[in-house]
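Now for the letters of each chain:
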Amino acid sequence: MQDEKPSTKRSRDRTVSLDIHPQYRTSMQSCGSTHNPKGAGPSDTGSSEILSPIPRRHPLQTSESLTWLQVGSHSEADFQARCISPASAASSVSSVYPYSSSFSKRFGFNVLHQLNLSSRGSWTGPSGPTRRDQEDSRGDPGAGRRWVRWMHKQGMKALVVPLGIATSAWVKWCIGLGDYSGHATPPMFGDYEAQRHWMELTIHLPPQQWYTYDLQYWGLDYPPLTAYISWLCGKVGSLIDPLWFAFEESRGIETYNSKLFMRSTVVALDILVYVPALYAFTRIWHKSRSSRTQHASLLMLLFQPALLLIDFGHFQYNSVMLGLTLLALNSFAAGLDLVGAVCFALSLGFKQMALYYAPAIGSYLLGKCIFLGQVEGTRLFIRLAVVTLSSFILLFAPFLPPMAPISTFFAAISRIFPFSRGIFEDKVANFWCFTNIALVKWKQLFFGKESQLIKASAALTIAGFLPAVFGLLWGAYKTRLRSHLQVVSREPEGRDIWFVTQTRTPSPTLPLLLYALLTTSMSFFLFSFQVHEKTILLPLLPLTLLFSGATVGDEVYTWGVFGNVVGVFSMWPLLKRDGLGVQYIATLLLWCRLVGYNPLRLRCDSFVGLISTVVNIAMLLLHFLELVVTPPNRYPDLFPVVNVLVSTPVFGLIWLWSIKRGIEVGWALGGLPGSGTDRGFKDRDDRNPTKELPNLGSPGPVKSTRREHGARAVSLGNASGLTLASTSGYRDPRRRAVDRLRGSSVGIDE
């Protein structure tokens, strides 16, 4: 039977429907006109009223809400329009699979939901809700978005990125004008002196002595890449003034010029590593979004208050570690898995805290190997193993034989992982400190049995990130390719077009990665051993990345901005000791203004809104009490303890929310365990890939696609796993699903 000529009009609908081919519509008409479940034979009835199958789980699937179907005159392209499943409306998926066509904007989920409310009488007025009503329901878009929109309207969008980066650098420099950790507090001073001392140490001693020399005075306890960068900065500083890093004579030096140089190194490394990684993130992960959205996202990320206060106020180089991790994520999204593995190895080589991300990134890469199948997956696994191992060998080469005895390597490892320091330090807002205050004195209970406490901490940490690991692996298994060679299109003359799925294609589980990073890093922060207040920076990175692509007022936006505010508040005792109170208030107010978040606004319309209202009131009340009340001598840490009691439940809720969101996005990708949505590709004979497929032009009944071949995942466009060989990065999932339906026999009885 001769195939019909495909329509030349391309419709960029939000998702595809099974009735884009005439035989599907004929089969469905026959199913509707006859009560035969198989629908055998074409129906004699006329053109149908059934335009497309209705999603089973769609919230608008009710008898009184059929107005969104827009039944009337339709073109051939309109037959491809169908609303999306609610899970695919998740912001995590939409941030990776954005929809920018005018058709999608007119028939998006929010628009259809408003039409549904209008049909029920929820909207009053002859012309529906006004623009002001819509803005009030969404919330304030923020000064950052308004400035970006104004710049674009004035024809100056090319200046948005340079001005944003320059302004953020100026803000960072202004924060650095204040005090820092250990300022004028001999004999040990603080983190500032530790970083300066490592520069002094590395330029005067051979590498074999870096991890063993004078451990009582800020002995080096970071991985080798930190030592190499300290060596480079020390060499540059010694060329300017050798007295800044004079061996054992410059301890505690705090001259104006030396402080100016140290602050400059933080800003320079941030601009060289972290800022380009942020820009690449907005360009790669939001590449299908408008340039205005990309610029607004970059602005929010540049002014994240927690990182500004710790790196440029307290004084550290966390932006290097976070920037290398972000470069790894960008590489994964671009399909450059080997480059991403090297970047993450460098991140681990700079700070051991990057291990917080290791379970999620390792599971993503292992899932990518599962997704590619036995042959290509094994090849990728071997390449990843070789590249990762080689990276660590190069990093630790000066501490390994033959350049140094093996004892030097073990000395470095013992310094990098100091289990002898205790379960937590100071008053950190995690599970151990919270329960130590409210329930059990852990240090007293396990006195002399610290090894048991370490095992309990490890068990809780693993249990905390297991859902994320399982979600990534299960999603990769459910969406795996059954064959390396796939039919992705069929010509009108019946000729098949074959493409080879390249390993540079990102895994379909990429939308899960940021949620998995949030789950694993928050699990480490809450339950792991030896946690600092500053460690909250690691969970805040994926949370802020998710927030950057969210719509104002939605769930991800609210959790993102609320989590960042509480994260900064949890570090207030540390910042107060450093004398950074003014910077703390200024950066928080600046960022809240940029993103459009008002901490004084009452939000009782949702669970997260109610929680944020209560916590914001508690934070403001605590700050007020610190100003007017002096803690009693018996309880000098009264306010830090209250800070822990306020912050820890919020971090626990964010951890649970990230697991919930991971389950939702995982359902959209490949189904839940036991859902029967396994991808049973039978589109060709593996032994004879050139064997002609059944003619799609012949009419035939439609199988039970939901349970037989995972059509739910196909309709979402998130789990097809097919892409053209010439592409790099994600191709529009709607087009992939259309190509699959044009070139495969999924859902057709042979």
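Residues numbered from 1 in each chain as written. Predicted model: local features only at pLDDT ≥ 70, side-chain atom pairs only at ≥ 80, totals over all residues. Heavy atoms only, no water.

A. Molecular detail of the overall build of the protein chain. Helix and strand counts for the protein chain come out as 30 helices and 2 strands. For the protein chain, the residues scored as buried account for 54% of the 750 residues in total. Once local pairs closer than 6 in sequence are excluded, the contacts in the protein chain between residues at least 24 apart make up 77%. (Helix = DSSP H or I, 4+ residues; strand = E, 2+ residues; numbered from the N terminus. Buried < 20%, exposed > 50% of the residue type's maximum accessible area, 1.4 Å probe, protein only. Contact = heavy atoms within 4.5 Å.)

B. The side chain of aspartate 191, seen in detail. For aspartate 191, the location among the structural elements is in helix 8 (residues 191–204). Here glutamine 316 takes part through its side chain, which lies 3.2 Å from a polar atom of the side chain of aspartate 191. Other than its neighbours up to four places away in sequence, aspartate 191 contacts Ser181, Trp218, His314, Phe315, Gln316 and Lys534. (Polar contact = N/O pair within 3.5 Å; in protein donor to acceptor, adjacent residues only side chain to side chain.)

C. How the structure looks around the environment of isoleucine 361. Turning to its location among the elements, isoleucine 361 is positioned in helix 15 (residues 358–372). If sequence neighbours within four positions are ignored, isoleucine 361 has contacts with Leu329, Phe332, Phe344 and Leu517.

D. Local environment of the pattern of salt bridges. Counting across every chain of the model gives 12 salt bridges. With a shortest N-O distance of 2.8 Å, glutamate 200 and arginine 196 are connected by a salt bridge. Of this pair, glutamate 200 and arginine 196 both sit in helix 8, 4 residues apart, which is roughly one turn of that helix. Side by side, glutamate 200 and arginine 196 carry an identical accessibility label, which is buried. Its salt-bridge partner being arginine 661, residue glutamate 664 comes within 2.7 Å of it at the nearest N-O pair. (Salt bridge = Lys/Arg side-chain N within 4 Å of Asp/Glu carboxyl O.)

E. The arrangement of helix 7 (residues 160–175) in detail. The end-to-end C-alpha distance of helix 7, which contains 16 residues, comes to 22 Å, matching closely the 22 Å that a straight helix rising 1.5 Å per residue would cover. Taken together, the buried positions of helix 7 are Val160, Val161, Gly164, Ser168, Ala169, Val171, Lys172 and Ile175. The arc enclosing the buried residues of helix 7, seen along the axis, measures out at 160°, which places them on a common side. (Expected span 1.5 Å × (residues − 1). Arc of directions from axis to C-beta.)

F. Quick look at the nonpolar core. Core analysis: the biggest nonpolar cluster contains 154 residues, and Tyr317 and Leu329 have the highest contact counts within it. The element best represented in this core is helix 21 (residues 510–527), accounting for 13 residues. Residues contacting leucine 329, with those up to four places away along its chain left out, are Trp285, Ile361, Leu513, Leu514, Leu517 and Leu545. (Core = buried A, V, L, I, M, F, W, Y, C linked by side-chain atoms within 4.5 Å.)

G. Structural detail: the confidence of the model for the protein chain. Here the protein chain averages 76 in pLDDT, and 67% of its residues register 70 or above. Predicted confidence for residues 1–48 stays below pLDDT 50, and this span has 103 contacts to residues more than four positions away or in other chains. Across residues 675–730 the pLDDT falls below 50, and counting only partners more than four positions away or on other chains, this stretch makes 165 contacts in the model. (pLDDT = per-residue confidence, 0-100.)

H. Structural context of the packing of helix 8 against helix 9 (residues 224–240). Relative to each other, helix 8 and helix 9 sit at 85°, their axes nearing to 7 Å. It follows that helix 8 is roughly perpendicular to helix 9 by the angle criterion. Packed against helix 8, whose contacting residues are Trp198, Met199, Thr202 and Ile203, the element helix 9 presents Thr226, Ala227, Ser230, Trp231, Cys233, Gly234, Lys235 and Ser238 at the interface. Its residues assigned to classes, the contact of helix 8 with helix 9 shows 6 nonpolar, 5 polar and 1 charged. (Axes fitted to C-alpha atoms, helices over the stretch in contact; angles between N-to-C directions. Parallel < 35°, antiparallel > 145°, perpendicular 65-115°, else oblique. Nonpolar A, V, L, I, M, F, W, Y, C, P; charged D, E, K, R; others polar.)

I. Region of interest: unusual backbone geometry. Cis geometry marks the peptide bond from proline 186 to proline 187; its omega dihedral reads 10°. Relative to the helices and strands, proline 187 is located in the loop between helix 7 and helix 8. Here the bond from proline 401 into proline 402 is cis, since omega is 5°, no more than 30 degrees from zero. Among the secondary structure elements, proline 402 is positioned in the loop between helix 16 (374–395) and helix 17 (406–416).

J. Layout of the packing of helix 10 (residues 256–284) against helix 12 (residues 305–315). One can describe the packing of helix 10 onto helix 12 by two numbers: an axis separation of 9 Å at closest approach and a directional angle of 150°. Of the possible angle classes, the one that applies to helix 10 and helix 12 is roughly antiparallel. Along the contact surface, helix 10 presents Met262, Arg263, Val266, Val267, Asp270 and Tyr274, while helix 12 presents Leu307, Asp311, Phe312, Gly313 and Phe315. Each residue belonging to the contact of helix 10 with helix 12 can be placed in one class, and the counts come to 7 nonpolar, 1 polar and 3 charged.

K. Up close: the packing of aromatic side chains. Counted according to the given criterion, the structure contains 28 aromatic pairs. Their ring planes at 10° and their centres at 5.7 Å tell us that phenylalanine 465 and phenylalanine 524 sit as a pair that is stacked. Here phenylalanine 465 is found in helix 20 (residues 450–478), whereas its partner phenylalanine 524 is found in helix 21, with 59 residues between them in sequence. Comparing phenylalanine 465 with phenylalanine 524, the two get one shared label, buried. Each residue in the set Tyr180, Tyr192, Phe315 and Tyr317 is aromatic and connected to the rest through ring pairs, giving one cluster. (Phe/Tyr/Trp six-rings, centres within 6.5 Å; stacked < 30°, edge-to-face > 60°.)

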